[in-house]
Amino acid sequence: MPNTPHIAVIGAGPAGLFAAESAVKKGAKVTLYEAKSGAGRKFLVAGKSGLNLTFNEPLMPFLGRYSGQNFPKALWRDMIARFDSDALREWCSSLGVDTFVAPSGKVFPQCMRAAPVLRAWLKRLKALGVEFRPSHKLIDLVNSLDTTTLTFETKEGQFHAKHSATILAMGGASWPKTGSDANWLSLLERHGIRYYDFGAANCGWNVSWPEGFLEHAEGLPLKNITVSAGTLEVQGELMVTSYGLEGSAIYRLGAALRSMPSPLLTLDLKPKTTHAQLVTKLGKTRSGFIREARRRWKLCPVMAALLKFMPDRGPWRDASSLATEVKACQIPLLSPRPIEEAISSHGGVCWSEITETLMLKHLPRVYVCGEMIHWEAPTGGYLLQGCFATGHWAGSHAATHTA
Ligand SMILES: Cc1cc2nc3c(=O)[nH]c(=O)nc-3n(C[C@H](O)[C@H](O)[C@H](O)COP(=O)(O)OP(=O)(O)OC[C@H]3O[C@@H](n4cnc5c(N)ncnc54)[C@H](O)[C@@H]3O)c2cc1C
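Residues numbered from 1 in each chain as written. Predicted model: local features only at pLDDT ≥ 70, side-chain atom pairs only at ≥ 80, totals over all residues. Heavy atoms only, no water.

Participant: Would you take a moment to explain the packing of aromatic side chains for this structure?
Facilitator: Ring pairs (aromatic) are described by centroid distance and by the angle formed between their planes. Using the criterion set out here, one finds 24 aromatic pairs in the structure. Judged by centre distance (6.0 Å) and plane angle (70°), the rings of phenylalanine 43 and tryptophan 121 are edge-to-face. Of this pair, phenylalanine 43 sits in helix H2 (residues 41–46) while tryptophan 121 sits in helix H6 (residues 115–127), and the two are 78 residues apart along the sequence. Given the relative accessible area of 2%, phenylalanine 43 is considered buried. The class of tryptophan 121 is buried, set by a relative accessible area of 0%. Between tryptophan 91 and tryptophan 121, the aromatic rings sit 4.6 Å apart at their centres with planes inclined by 75°, giving edge-to-face as the arrangement. Taken together, the residues tryptophan 91 in helix H5 (residues 85–94) and tryptophan 121 in helix H6 connect sequence positions 30 residues apart. Three or more aromatic residues joined by ring pairs form one cluster here, namely Phe55, Phe62, Tyr66, Phe71, Trp76, Trp351, Trp375 and Tyr382. One Lys or Arg, arginine 337, reaches over the ring of tyrosine 243 and ends 3.6 Å from the middle of that ring. (Phe/Tyr/Trp six-rings, centres within 6.5 Å; stacked < 30°, edge-to-face > 60°. Helix = DSSP H or I, 4+ residues; strand = E, 2+ residues; numbered from the N terminus. Buried < 20%, exposed > 50% of the residue type's maximum accessible area, 1.4 Å probe, protein only. Lys NZ or Arg CZ within 6 Å of the ring centre and 35° of its normal.)

Participant: Quick question: what am I supposed to make of unusual backbone geometry here?
Facilitator: Note: most peptide bonds trans; most residues except glycine with negative phi. You will see that alanine 182, though not glycine, has its phi angle at about 60°, which is positive. Assignment of secondary structure puts alanine 182 in the loop between strand S10 (165–168) and helix H7 (184–190). Its identity is not glycine, yet leucine 358 carries a phi of approximately 70°, on the positive side. Note that leucine 358 resides in the loop between strand S19 (344–349) and strand S20 (359–360).

Encoded structure:
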């Protein structure tokens with residue numbers, strides 16, 4: 001079939017694998033290149049203890065979880081609507097792996113892990129005719145009128161290939177040992193494509209804990225609290241670590257914290273109890289405030305340690321000021337944890353460089369998808385959903401544009 005487009009997909013993470021599946025199903029011939037010796041390294045890491053595939057909630061709040069500079073809300077809505085969380089669940093079932101919705105709304109495969117999903121997925125891609133070339137690292141790309149010449153570094157030396165369209169799905173910059181090392185930035189820079197520098201997202205933060213605090217709090221959680229950064233407030237959990245704080249609540253506040261000149265978390269340790277109720281519960285206490293508060297307010301060990309050790313707060317001499325602290329306990333943060341540890345990254349190709357089909361404006365017939373593009377979202381399955389939806393969009397458009 002002389003007119004069949006031959007598409008190269010670069011990067012075998014979830015975005016690239018799904019772009020390959022979408023393109024091949026539209027009739028394209030697809031070759032999938034991957035720098036590492038195997039596919040889906042980060043996908044496997046993500047699904048080691050629980051692969052949170054997507055989130056079960058209506059489209060409008062779902063869309064509100066995504067952000068980024070010059071974020072194209074209408075295009076994103078169209079992409080997610082084209083491949084939404086129900087579609088992702090159906091797709092997973094079609095691989096022979098059913099999913100379930102946890103009480104939190106998070107969606108997981110029944111097997112919980114990514115490995116069985118990936119195995120079935122690769123088998124399907126092979127059956128569909130996708131050619132997989134592992135250990136092929138893209139190092140150069142030259143566009144001519146109707147083909148793109150790609151140069152790869154392989155164990156045997158350089159390898160060149162010509163394709164009618166190319167889908168770049170080389171990931172963001174977190175966990176670089178999985179292959180997402182963002183080395184592709186220099187390649188795109190050579191073509192004049194602008195990007196935002198990568199930084200850690202969905203990550204812990206460093207805190208300078210006061211002396212004595214960690215002895216009582218390290219490794220322990222803060223549950224059922226409200227956490228805010230500026231005007232943004234979330235419910236969730238935090239975990240005290242030797243270097244600072246981790247947990248869903250601080251991950252979700254990452255973008256807000258990064259925008260603050262002096263990042264500061266404010267915790268309401270008893271969100272269901274008012275200040276007045278706390279004061280009443282403490283009754284006629286005249287001394288030993290923390291001990292009494294721990295008993296009567298049911299404070300966990302970390303809460304008690306915060307009240308006892310955080311600098312410039314105590315000593316506590318009345319119930320009202322202690323209740324004020326419990327309702328608005330401030331923790332100054334130093335810096336985000338290194339990107340090597342982060343679940344995801346913010347940064348990547350600017351939206352202004354991309355058309356509505358996810359094609360690069362400066363490189364006709366070259367598309368981008370997944371975490372390479374500048375968008376971010378909290379944990380909860382939103383990251384994988386974004387990768388699948390953009391992979392589907394790029395794969396479908398690449399296949400039909402060149403057909
Ligand atoms: C610890 C952890 C837990 C996570 N848990 C979840 C979760 O439960 N739910 C969720 O939604 N998300 C989760 N994520 C995030 C999710 O894994 C990512 O959003 C997703 O993998 C990004 O997909 P991608 O295809 O864009 O990029 P990647 O998965 O990073 O894949 C990019 C691929 O491109 C390859 N590549 C890079 N450069 C080149 C090159 N020059 N040539 C050829 N190939 C190249 C890389 O080797 C890699 O295989 C988690 C991430 C981590 C680190």
